[in-house]
Amino acid sequence: MDSTPEAIPVVGIPVLQNHRRLQRVLDSLDYPIQRLVILDQSGKKNWKPIQPECVEELIVWNFPHAMGVATSWNIIIKGNPFASHWIFLNDDIIFPAGSLAILAERARENTDKIVIPTIARFSAFSIGEGVISKLGLFDEQFFPMYYEDTDYLHRCYHHKVEILEIDCPIHHETSSTIHKDGYAEKNSQTFPRLYNYHMSKLQKGRYDAGDGWSLTVRRENAWDR
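Every chain's residues receive numbers from 1 upward, in the order its sequence appears when written. Since the coordinates come from a predicted model, pLDDT governs what is reported: local features require at least 70, and pairs of side-chain atoms require 80 or more to be given and counted, while whole-chain, interface and lining totals use all residues. Just so you know, side-chain values use all the structure's heavy atoms and leave hydrogens and water out.

Moving on, we get to the nonpolar core. Residue types Ala, Val, Leu, Ile, Met, Phe, Trp, Tyr and Cys, when buried and joined through side-chain atoms within 4.5 Å, form a set referred to as a nonpolar core. Exposure categories follow from relative accessible area, calculated using a 1.4 Å probe and restricted to protein chains: below 20% of the type maximum is buried, above 50% is exposed, and the middle band is partly exposed. With 34 residues, the main nonpolar core has Trp86, Phe88, Ile114, Phe125, Ile127, Phe138 and Tyr152 as its most contacted residues. Among the elements of the structure, β2 (33-40), α2 (69-79), β4 (85-89), β6 (114-117), β7 (124-128), α4 (129-135), α5 (148-159) and α7 (184-203) are those that each provide at least two residues to this core. Looking at which element gives the most residues to this core, the answer is α2, with six residues. Whether two residues are in contact is decided by their heavy atoms, any of which lying within 4.5 Å being enough. Sequence-distant contacts of Ile127, that is, excluding residues within four places in its chain, are made with His85, Trp86, Phe88, Lys113, Ile114, Ile132, Phe138 and Tyr152. Leu22, Leu36, Ile38 and Ala107 belong to the second-largest nonpolar core, a separate cluster that totals 31 residues. For the purposes of this entry, the term helix denotes a DSSP run of H or I that reaches at least four residues, the term strand denotes a run of E that reaches at least two, and both are numbered from the N terminus.

In structure tokens, the structure reads:
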């Protein structure tokens, strides 16, 4: 009898520029993955990741500029529309041995829920096809990062989509993109704008995916200019 665990259909990892940190994530993967998608937004096309043995197919999509967290997650979902669920990882987490299996098994059993490790929260989580079918994608006006996850949680509460928190040991370097990659000053400008947008949605009773991607918001909140 085959005891090989059922592979995770899609794992997606956006990376802004720190490839060394991302490779640490890849090196910690120890559970079968059918397709691993990396959104490399560094503009450095010469970087090649070392493919983990547990990954059947590795895809790297290169972008010359930052796409933002919400847009990155949306692109991975739209580019892999037949998955039962998608697992998203930050580039600053590390899985201790056996912990990815915990997340994978709970995600497979709960495709009508968001599965969030209590410690890592949205730094390593799963979202099922039932959730996307009911709520739609992430609001891309939360650019480049922060509050896209908080907004989605409020949408889950409003539309009665269950959020399943699980015990799953994960090492997470909190806000490493801000503190270690030199974006603290830029973040101090964009964070209040994103907070205001989030609060305006709540005040208006808007529990939706927003108005979509905005060129104005993209340029005003740019971290790469």
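A few words now on the pattern of salt bridges. Within this document, salt bridges are pairs made up of a side-chain nitrogen of Lys or Arg and a carboxyl oxygen of Asp or Glu, the two lying within 4 Å of each other. Taken as a whole and judged by the stated rule, the model has 15 salt bridges. Here Arg106 ties to Glu109 by a salt bridge, and the two come within 3.9 Å at their closest N and O atoms. Of the two residues, Arg106 and Glu109 are both situated in helix α3 (residues 99-109); the distance of three residues between them amounts to about one turn of the helix. A residue is classified by how much of its surface remains accessible, and Arg106, at 32% relative accessible area, is partly exposed.

So, on to α2. The buried fraction of α2 amounts to nine of the 11 residues, a majority that puts the element mostly inside the structure. Looking only at α2, the buried set comprises Val69, Ala70, Thr71, Ser72, Trp73, Asn74, Ile75, Ile76 and Ile77.

Moving on: the environment of Thr150. Looking at where Thr150 falls in the secondary structure, it is placed in helix α5. Residues Thr150 and Leu137, spaced 13 residues apart in sequence, show a C-alpha to C-alpha distance of 13 Å. For Thr150, the side chain forms a polar contact with the side chain of Asp149, separated by 3.5 Å. Pairs of N or O atoms are called polar contacts if they sit within 3.5 Å, as long as, within protein, a hydrogen donor faces a hydrogen acceptor (for residues adjacent in sequence, only side-chain-to-side-chain pairs).

Burial analysis of β4 places five of its five residues in the buried class, which makes it a mostly covered element. Burial of the side chains of β4 extends over both faces: His85, Ile87 and Leu89 are buried on one face and Trp86 and Phe88 on the other. A pair of strands is considered paired only if DSSP assigns at least 2 bridges between the two. With five bridges connecting them, β4 and β7 associate as antiparallel partners. Looking at β7, one finds that Phe88 is bridged to Phe125.

Quick look at the side chain of Asn80 now. Looking at where Asn80 falls in the secondary structure, it is placed in the loop between α2 and β4. One polar contact links the side chain of Asn80 to the main-chain carbonyl oxygen of Ile76, over a distance of 2.8 Å. In this view, Asn80 contacts Val10, Arg35, Val37, Trp61 and Trp86; residues no more than four positions away in its chain are not counted.

All right, on to the environment of Lys78 then. Among the secondary structure elements, Lys78 is positioned in helix α2. Along the sequence, Lys78 and Val37 sit 41 residues apart, while their C-alpha atoms lie 12 Å from each other. If near-sequence neighbours (up to four positions away) are discounted, Lys78 is found in contact with Leu137 and Glu140.

Let us now look at the state of the cysteines. By definition, a disulfide links two cysteine residues through a covalent bond between their sulfur atoms. Two cysteine sulfur atoms make up a disulfide if the distance between them is within 2.5 Å. The full count for this structure, using the stated rule, is zero disulfides. Between Cys156, a cysteine without a disulfide, and Cys168, which holds the nearest cysteine sulfur, the sulfur-to-sulfur distance is 19 Å. We classify Cys156 as buried; its relative accessible area is 0%. Summary of cysteine pairing: Cys168 is not part of a disulfide, and the nearest cysteine sulfur, belonging to Cys54, is at 14 Å.

A few words now on the pairing of β7. The element β7 is extensively covered by neighbouring structure, given that five of its five residues are classed as buried. Across the two faces of β7 the burial is the same, with Ala124, Ser126 and Gly128 and Phe125 and Ile127 all buried. Of the pairings in the sheet, the one linking β6 to β7 comprises two bridges and is antiparallel in character. Note on β7: the bridge partner recorded for Ile114 is Ile127.

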